[in-house]
Amino acid sequence: MKPKKDLSSHYTQSTPNWCPGCGNYGIWVSLKNALQELKLPAHKVVLVGDIGCSGKLAYWTDYNGFGSLHGRSIPIAEGVKMANSDLTVIVVGGDGGLLGEGLQHFLHACRRNVNIAVILHNNQVYGLTTGQTSPTSDLGYKSSTTPEGAYETPLNPSLLALTAQATFVSAGFAGNTPHLTQIIKSAILHTGFALVDIYQPCVTYNYINTYEYYSKRVYDITTTPYKPDNRFRAMKKSMEIEGGQKFPIGILYQDKSRPSLQDNIQNRVSPLVKQSINNITVKSLFEQD
Ligand SMILES: Cc1ncc(C[n+]2csc(CCOP(=O)(O)OP(=O)(O)O)c2C)c(N)n1
Ligand code: SF4
């Protein structure tokens with residue numbers, strides 16, 4: 001008989017297995033620093049991972065982690081938040097999952113103003129499945145799915161979120177962890193839907209959008225006279241990336257006045273975990289016809 005394969009190390013591995021130099025490391029460190037600086041107790045935080053290199057971040061912290069399905073991390077995070085609004089709920093996922101298969105969830109969560117933070121690891125490729133073209137890949141990007149170069153213009157995540165009425169829209173760079181830490185902290189503290197769109201080099205498959213590429217083009221918007229209080233101005237700012245020459249990082253837009261979904265709902269009904277279960281019986285579910 002064949003000996004059983006030993007999978008114990010697979011489940012107990014506590015350090016990431018991303019490629020050396022991957023931008024996910026910078027995001028991992030920034031998110032952990034942000035949570036540490038906010039002094040949030042581990043049992044009060046849930047990281048919901050999408051599927052992909054990015055989503056695996058949820059395995060490698062001491063906080064609660066939930067491994068979801070490709071494109072379905074946002075609805076799962078919404079469910080967690082609805083069930084227990086006391087939890088800090090954070091989505092970690094890639095441009096493929098969040099803007100490809102999960103685009104509808106992304107847009108509706110924005111307009112719903114559900115109180116979660118979405119950390120978008122935007123490496124402009126499908127990393128885990130070996131570098132196929134994603135919804136944010138540059139025009140002309142060559143991969144196994146677009147051997148002649150991508151014909152579709154890339155989606156602009158911040159502009160999409162602003163169009164769908166998100167109340168916190170920001171961008172960061174995986175190569176600038178002190179700055180990214182502060183942006184992630186602000187996103188977590190925001191009441192309502194918060195997006196952090198992160199320029200994340202994939203050193204194995206994306207030879208265009210590298211650390212060098214971004215280092216030359218990224219700039220901190222606080223070094224310019226900019227106020228994040230106007231949606232139209234934020235849209236214009238977010239469109240700077242479309243020329244491929246300038247990538248503003250920082251808080252593009254924040255609206256603190258709009259109530260979150262949780263604020264709206266809790267006036268009428270308390271979250272599931274606070275409801276009494278004394279009068280609930282599940283006996284009938286086990287009865288046969
Ligand atoms: C429904 C479904 N479709 C396709 C896949 C295969 N799949 C797994 S990861 C992945 C791409 C991940 O790319 P992205 O979301 O950008 O994350 P990254 O790996 O780049 O961090 C794909 C297509 C899957 N797991 N589930
Ligand atoms: S394939 Fe790309 S995104 Fe995935 S771990 Fe390697 S460098 Fe990172």
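Note that the structure is a prediction, hence the values are computed from the model and not measured.

*Asks:* Explain the overall build of the protein here, please?
*Replies:* The number of helices and strands found in the protein is 10 helices and 10 strands. By the compact-globule yardstick of 19 Å for 289 residues, the protein fits well, its C-alpha radius of gyration being 20 Å. Based on the C-alpha atoms only, the size of the protein along its principal axes is roughly 65 × 60 × 40 Å. On the protein, roughly 14900 Å² of surface is accessible, and the fraction owed to carbon and sulfur atoms is 56%. Looking at charge distribution, the protein has the averaged site of its 26 positive side-chain charges lying 4 Å from that of its 21 negative ones.

*Asks:* Could you clarify how one ought to interpret the nonpolar core in this entry?
*Replies:* The nonpolar side chains of a soluble globular protein tend to be buried, and buried together. In terms of nonpolar packing, the biggest core is built from 44 residues, with Ile74, Phe106, Ile116, Val118, Phe193, Leu195 and Tyr199 touching the most fellow members. Sequence-distant contacts of Phe193, defined by excluding residues within four places in its chain, comprise Phe106, Ala109, Cys110, Asn113, Val114, Asn115, Ile116, Val118, Ala166, Thr167 and Phe168. Membership of the second largest hydrophobic core comes to 28 residues, among which are Ala58, Trp60, Ala174 and Ile188.

*Asks:* Just to check I follow, could you spell out the site of ligand 2 for this structure?
*Replies:* Around ligand 2 lies a shell formed by Trp18, Cys19, Cys22, Asn24, Cys53, Asn123, Gly127, Gln200, Cys202, Val203, Thr204 and Tyr205. Taken together, the residues of the shell around ligand 2 break down into 7 nonpolar, 5 polar and no charged.

*Asks:* Help me understand the site of ligand 1 in this model?
*Replies:* The immediate surroundings of ligand 1 are formed by 16 residues, with Cys53, Ser54, Gly96, Gly97 and Gly127 found nearest. Here an oxygen atom of ligand 1 sits 3.0 Å away from a polar atom, N or O, in the side chain of Asn123. At a separation of 3.1 Å, an oxygen atom of ligand 1 approaches a polar backbone atom of Val125. Summarising the interface, the protein chains cover 73% of the accessible area of ligand 1, which totals 580 Å² for the free molecule. Where the shell around ligand 1 is concerned, the elements lending two or more residues are helix H4 (95–101) and strand S5 (125–126).

*Asks:* Even after reading the chapter, I still don't get empty space enclosed by the protein, so can you show me in this structure?
*Replies:* Once rolled over the atoms, a probe with the size of a water molecule shows which space is left empty. One pass over the full model with this rule turns up 1 cavity of 30 Å³ or more. Estimated volume of the largest cavity: approximately 40 Å³. Looking at the largest cavity, the residues that line it are Asn156, Ser158, Ala171, Tyr199, Ser238, Ile241, Pro248 and Leu252. For the lining of the largest cavity, the residue count by class is 5 nonpolar, 3 polar and no charged.

*Asks:* How do you make sense of unusual backbone geometry when you look at a structure like this?
*Replies:* Glycine aside, negative phi is the norm for most residues, and most peptide bonds take the trans geometry. Phi is positive for Gln124, close to 65°, though the residue is something other than glycine. With a phi angle near 70°, Gln165 is a residue other than glycine that sits in the positive phi range. A residue is classified by how much of its surface remains accessible, and Gln165, at 39% relative accessible area, is partly exposed.

*Asks:* What am I meant to see in the packing of helix H3 (residues 73–83) against helix H5 (residues 103–112) here?
*Replies:* Two packed helices can be described by the angle between their axes and the distance between those axes. Following both chains from N to C, one finds H3 and H5 inclined at 35°, their axes separated by 8 Å at the closest point. On H5, the residues that touch Ile74, Pro75 and Glu78 of H3 are His105, Phe106, Ala109 and Arg112.

*Asks:* What's the story with H5 in this structure? I'm lost.
*Replies:* Side chains that are three or four residues apart share a direction in an α-helix, a result of its 3.6 residues per turn. Those residues of H5 that sit buried are His105, Phe106, Ala109 and Cys110. Summarising the axial view, the buried residues of H5 lie within an arc of 135°, below the 170-degree limit, and thus occupy one face. Tucked into the core, H5 has its buried residues touching H3, H4, helix H6 (157–163) and strand S8 (194–199). Asn113 lies just past H5 and shows a positive phi near 55°.

*Asks:* Hey, could you run me through the sheet that holds strand S2 (residues 64–67) in this one?
*Replies:* Pairing between the strands of a sheet comes from backbone hydrogen bonds, and it takes one of two forms, parallel or antiparallel. Taking strand neighbours across the sheet as the criterion, the 8 strands line up as S2-S1-S3-S4-S8-S7-S10-S9 in an open arrangement whose pairing is mixed. At either margin of the open sheet sits one strand with a lone partner, and together these are S2 and strand S9 (218–220). Neighbour to neighbour, the strand axes of the sheet diverge by 25° on average, direction disregarded. Sitting on the sheet, helix H9 (residues 231–238) touches S9 and strand S10 (247–254), and the angle it makes with S10 is about 165°.

*Asks:* It is not clear to me how the side chain of Thr136 should be interpreted in this structure. Could you clarify?
*Replies:* Mapped onto the elements, Thr136 comes out in the loop between strand S6 (132–133) and H6. Classification of Thr136 as buried rests on a relative accessible area of 4%. Here Asp95 takes part through its side chain, which lies 3.3 Å from a polar atom of the side chain of Thr136. Leave out the neighbours within four places in its chain, and Thr136 touches Asp95, Leu99, Asn122, Gln124, Pro154, Leu155 and Pro157.

Criteria and cut-off values
- Residues numbered from 1 in each chain as written.
- Chains lettered and ligands numbered in written order.
- Predicted model: local features only at pLDDT ≥ 70, side-chain atom pairs only at ≥ 80, totals over all residues.
- Heavy atoms only, no water.
- Helix = DSSP H or I, 4+ residues; strand = E, 2+ residues; numbered from the N terminus.
- Rg over C-alpha atoms; globule rule 2.2 N^0.38 Å.
- Areas by Shrake-Rupley, 256 points an atom, 1.4 Å probe, with all protein chains shown as cover.
- Lys, Arg positive; Asp, Glu negative; His and termini not counted.
- Charge placed at Lys NZ, Arg CZ, Asp CG, Glu CD.
- Core = buried A, V, L, I, M, F, W, Y, C linked by side-chain atoms within 4.5 Å.
- Buried < 20%, exposed > 50% of the residue type's maximum accessible area, 1.4 Å probe, protein only.
- Contact = heavy atoms within 4.5 Å.
- Near = heavy atom within 4 Å.
- Nonpolar A, V, L, I, M, F, W, Y, C, P; charged D, E, K, R; others polar.
- Polar contact = N/O pair within 3.5 Å; in protein donor to acceptor, adjacent residues only side chain to side chain.
- 1 Å grid on protein atoms, 1.4 Å probe; cavity = no way out; pocket = protein on both sides within 12 Å on 5 of 7 lines; lining within 4 Å.
- Points joined across faces, edges and corners; volume = space filled by probe spheres on them.
- Axes fitted to C-alpha atoms, helices over the stretch in contact; angles between N-to-C directions.
- Arc of directions from axis to C-beta.
- Pairing = 2+ DSSP bridges.

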